[in-house]
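Here is what each chain is made of, one letter per residue.
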Amino acid sequence: MFKTIKNKIKKILLPPDPELYYGELLGSFSYWRLFLWNLKNPGRLFNRIRYGQLFKFNSIRKSDFKKKLLVLKENNIISENYTDNDLLDKFEELLNTGGVVIQSFFSESKVEKFLEKHKLEVEKIKNFNPTSCAGNNQDDLVISDELINLWLDPHMIQLISSFHGKDAISRYYPSILYTVTKEKLDSRSIYEKKIKTNVAEFWHADHSVLFNMHILLNDINESDAHMQYIPGSNKFPNSSNSFSDEVIKKLGIEPIKCIGKKGTVYMHSGNTLHKLNMEKSKSNRLALHLEFTAGSNILLDCSVIGKCLSSGFDLNRLNASQRDILKGIFPKSFPKGYEINNKEEISPTRYKGI
């Protein structure tokens, strides 16, 4: 009997249909398969509960965002191209679908100022020819005022904070991302030809409480390689397995295309399924890549800190809110410093009278 149950569970977790599941593409929308996967690997579900990302009351979070917009307006912080009502609509879309595309949120002139300031970095990253059919060239950026104006835009930060239900925290350092595709690719052809790339070539979910934000630095249309996501997939108890194109097509939900003019922002939660669409033509994409978190999986890297601050940028010039957003990747100083316990965990020194 035990052997029979074991074989049934194995059949659910490893479905035999080679038209849908092949190679390492074992992601599924089967209720029982997702249930068993989360039972076997509860960490992802637990982390979403721990940071308040599983049970959400959209009406409360929308009300919170509305209040934050009013505070910004009272402080004369106004969006260039969007009214508060426009942003409320976009926020509601983000809550319902797990992602949103905000067309031309940043003006072309603001993007051009960033590109001019980081001209050498842009030229360097675009000097790239992938050895495979597609590739990403990505590099961390030196911090500048022009970068801060995009990275820590108050309206976008408040939107992410209200979505999380807690203050947004930077998960990693800002980087510029250049993507080149040389031919049309889908999951089947990548599997059969054993193609290796460093792009997001398969449908997948990210870290459980990660939040990705991209700002387009060149115009992208449907014929270009572009990110796409499955609206509403953020509400599934997704596994860490990747999905085939065939499984997504069988789901019957039309992907949202992350395309638009220079200055367009697109973002999605870590539990939203997404991938790079390479089914149209040869193309390239230049974007500012930014990562935030609800609290966990912050990637502190001393070597990148050195590079980011090599321009002499003074973090103390940031306002209190901006500095708090960066406290994970640029830790603040404490009067009595830090301590390390036997588990190698770092925390502020607890006892002050030492």
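Residues numbered from 1 in each chain as written. Predicted model: local features only at pLDDT ≥ 70, side-chain atom pairs only at ≥ 80, totals over all residues. Heavy atoms only, no water.

### Regarding the pattern of salt bridges
Filter applied, for reference: Think of a salt bridge as a Lys or Arg side-chain nitrogen and an Asp or Glu carboxyl oxygen that are within 4 Å of each other. Where helices and strands are cited, they refer to DSSP runs of H or I of at least four residues and of E of at least two residues respectively, numbered from the N terminus. Buried, partly exposed and exposed residues are distinguished by accessible area as a fraction of the type maximum, computed with a 1.4 Å probe on protein chains only: under 20%, between the cut-offs, and over 50%, respectively.
Within the structure shown, the criterion is met by 14 salt bridges. Note that Arg317 is salt-bridged to Asp145, the shortest N-O span being 2.7 Å. One end of the pair, Arg317, is in the loop between α12 (302–308) and α13 (320–325); the other, Asp145, is in helix α8 (residues 145–151), and 172 residues separate them in sequence. On the basis of relative accessible area, Asp145 is assigned to the partly exposed category, the value being 36%. A salt bridge links Lys193 to Glu183; the nearest nitrogen and oxygen atoms lie 3.9 Å apart. Of this pair, Lys193 sits in the loop between α10 (187–192) and β5 (210–216) while Glu183 sits in the loop between β4 (175–181) and α10, and the two are ten residues apart along the sequence. For Lys193, a relative accessible area of 54% corresponds to the exposed category.

### Some words on the packing of helix α4 (residues 58–74) against helix α9 (residues 154–164)
We count it as follows: A fitted line through C-alpha atoms serves as each axis, taken over the contacting stretch for helices, and the angle formed by two N-to-C directions is quoted from 0 to 180°. An angle below 35 degrees is treated as roughly parallel, one above 145 as roughly antiparallel, one from 65 to 115 as roughly perpendicular, and anything else as oblique. In this scheme the handedness of a crossing depends on how the near helix is turned from the far one: anticlockwise by less than a right angle means left-handed, clockwise means right-handed. Contact criterion: two residues are considered in contact whenever any of their non-hydrogen atoms come within 4.5 Å of each other. Here the term charged refers only to Asp, Glu, Lys and Arg, the term nonpolar to Ala, Val, Leu, Ile, Met, Phe, Trp, Tyr, Cys and Pro, and the term polar to all other amino acids, Gly among them.
Orientation of α4 relative to α9, taken along the N-to-C sense of each, is 155°, at an axis distance of 9 Å. Judged by the inter-axis angle, α4 sits roughly antiparallel to α9. Relative to α9, the crossing made by α4 is right-handed. The segment α4 lies against α9, with Arg61, Asp64, Phe65, Lys68, Leu69 and Leu72 engaging Pro154, His155, Gln158, Leu159, Ser161, Ser162, Phe163 and His164. Its residues assigned to classes, the contact of α4 with α9 shows six nonpolar, five polar and three charged.

### Digging into the environment of Asn81
Along the chain, Asn81 turns up in the loop between α4 and α5 (84–97). Residue Asn81 is classed as partly exposed on the basis of its relative accessible area, which comes to 42%. Separated by 26 residues in the primary sequence, Asn81 and Ser107 have C-alpha atoms spaced 7.5 Å apart. Once residues lying within four places of it in the same chain are set aside, the contact partners of Asn81 are Ser104, Phe105, Phe106 and Ser107.

### Looking at the environment of Ala287
Note on placement: Ala287 falls in strand β10 (residues 283–293). Taking the relative accessible area as the measure of exposure, Ala287 reaches 0% and is therefore buried. Sequence-wise, Ala287 and Asp224 are 63 residues apart; in three dimensions their C-alpha atoms are separated by 13 Å.

### So, the nonpolar core
What counts, and what does not: Residues grouped as a nonpolar core are buried Ala, Val, Leu, Ile, Met, Phe, Trp, Tyr and Cys residues, joined through side-chain atoms within 4.5 Å.
Core analysis: the largest hydrophobic core is formed by 56 residues, its most contacted members being Trp151, Phe292 and Phe330. If we ignore the near neighbours within four places in the chain, the residues touching Phe292 are Trp151, Ile157, Ile160, Ala168, Ile169, Ser170, Arg171, Val209, Leu210, Phe211, Met213 and Ile325. Ranked by size, the runner-up nonpolar core spans twelve residues in total, among them Tyr22, Leu25, Ala134 and Leu185.

### Side note on a nonpolar patch on the surface
Put simply, the rule reads: What makes a patch is a set of residues exposed beyond 30% relative accessible area and free of salt bridges, joined within 9 Å when like-charged and within 5 Å when nonpolar (Val, Leu, Ile, Met, Phe, Trp, Tyr). Only the protein chains shown count as covering a residue, and every accessible area follows the Shrake-Rupley method with a 1.4 Å probe.
Judged by side-chain polarity, Tyr31, Trp32, Phe35 and Leu39 come together as a nonpolar surface patch covering roughly 510 Å² of accessible area. For Trp32, the position within the fold is in helix α2 (residues 31–40).

### A look at unusual backbone geometry
At Asn76, a position not held by glycine, the phi torsion is positive, near 60°. Along the chain, Asn76 falls in the loop between α4 and α5. If you check the backbone angles, Ser104 has positive phi at about 45° while not being a glycine. Inspection of the secondary structure puts Ser104 in the loop between β1 (99–102) and α6 (108–117).

### Concerning the environment of Ala320
Turning to its location among the elements, Ala320 is positioned in helix α13. With 174 residues separating them along the chain, Ala320 and Glu146 place their C-alpha atoms 19 Å apart.

### Let's talk about helix α3 (residues 43–50)
Keep this limit in mind: By construction, the arc corresponds to the directions joining the helix axis to the C-beta atoms.
Burial in α3 covers these residues: Arg44, Asn47 and Arg48. Taken end-on, α3 shows its buried residues confined to a sector of 100°, consistent with a single buried face. For α3, the exposed residues set more than 90 degrees away from the buried face come down to Phe46 and Arg50. On its buried face, α3 is in contact with α2. Following α3 by one or two positions, Gly52 has its phi on the positive side, about 65°.

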